[in-house]
Amino acid sequence: MCFASAAEHYARFRPWYPDEFFALLTERFGLDGTQTAMDLGCGPGISALPLGPHVARLYAIDPEPGMLAAGARLAIERNITNIEWVNGNSTQITTLGLPPIDLCVMAKSSHWFDRPRVLADLDCLITPGGGIVIASAGPPGTTPLPAWAPVIAQVRTTYLGPVRRAGTGTYPEPEDRFTDTLCH
């Protein structure tokens, strides 16, 4: 899989979302510990783990078993017991036997998805009054990069070549804005 060797690095070094983000989700969606949520493309649980305490049940879905194992380990360390770690991908969400979902969070994974298809599939799962949250800095060129980003790009290009890779494939650079997809 693309990220088999990256799970522990993601768990340890990937930036976590601030508490204010989860407070906003709690307020906006009235999360009171009775809802069912999904983190699609959960990785090691960077969104799932902080969201878990605000819902009754959370389905953390990722195609990479190593990411799920890292998330499950972190959940045990944090005594979070209401997350089900599900091996699957965005093309399978209607076949995973999920219950109705009150909130679906897609963080930095959404650029990997066939967004129109995923949104259509989620339309069948999301409860009335529920919602979908895409937590992302946005498409390339829409968010200022940190000062160290050019150094990372140079190192990556020097060692891996000019085409940005991801595992054994290439990085699918999003061409459209998320808001364009959501408004169709």
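Conventions we followed
For every chain, the first residue of the written sequence is number 1, and numbering continues from 1 onward in sequence order. Given that the model is predicted, a residue must reach a pLDDT of at least 70 before its local features are reported, and side-chain atom pairs must reach 80 or more before they are shown or counted; all residues, however, enter totals for whole chains, interfaces and linings. Derived side-chain values reflect all non-hydrogen atoms in the structure, with water molecules and hydrogen atoms excluded from consideration. Segments assigned H or I by DSSP are reported as helices when at least four residues long, segments assigned E as strands when at least two residues long, and all are numbered from the N terminus. The definition of a polar contact used here is a pair of N or O atoms within 3.5 Å, where within protein one atom must be able to donate a hydrogen and the other to accept one, and adjacent residues in sequence count solely through side-chain atom pairs. Note on pairing: DSSP must find at least two bridges between two strands before they are called paired. Lines fitted to C-alpha atoms define the axes, with helix axes restricted to the stretch in contact, and inter-axis angles between N-to-C directions lie between 0 and 180 degrees. Under the convention used throughout, the expected extent of a helix is 1.5 Å for every residue step, that is, one less than its residue count. Relative accessibility decides the category of a residue: with a 1.4 Å probe and only protein chains considered, values under 20% of the type maximum give buried, values over 50% give exposed, and everything between is partly exposed. In this description, the arc belongs to the directions extending from the helix axis to the C-beta atoms.

Engineer: Sorry, what's going on with the side chain of E64 here?
Structural biologist: Mapped onto the elements, E64 comes out in the loop between β2 (57–62) and α4 (65–77). Reaching out from E64, the side chain makes a polar contact with the backbone nitrogen of G66 at a distance of 3.0 Å.

Engineer: Can you walk me through the sheet that holds strand β5 (residues 126–134) in this structure?
Structural biologist: Paired through their backbone hydrogen bonds, the strands of a sheet run either parallel or antiparallel. With parallel pairing, the 5 strands of this open sheet are ordered in space as β3-β2-β1-β4-β5. What marks the edges here is a single partner per strand, and that holds for β3 (83–87) and β5. Each neighbouring strand pair of the sheet contributes to a mean axis angle of 20 degrees, computed without reference to strand direction. Across 5 bridges, strand β4 (residues 101–106) lies against β5 in parallel orientation. Note on β5: the bridge partner recorded for I101 is I126.

Engineer: Just checking my understanding: could you explain α4 for this structure?
Structural biologist: Residue pairs three or four apart in sequence face the same way in an α-helix, which turns once every 3.6 residues. Its 13 residues place the ends of α4 18 Å apart at the C-alpha level, agreeing with the 18 Å of an ideal helix rising 1.5 Å per residue. Of the residues making up α4, those classed as buried are M67, L68, A70, G71, L74 and A75. Each buried residue of α4 sits inside an arc of 160 degrees when the element is viewed along its axis, so together they form one side. Exposed and oriented more than 90 degrees from the buried face of α4 are I76 and E77. For α4, the N-terminal capping position is held by E64, with its side-chain oxygen 3.0 Å away from the main-chain nitrogen of G66. Of the residues flanking the end of α4, it is N79, one or two places downstream, whose phi is positive at about 55 degrees.

The values are spatial; any link to function lies outside them.
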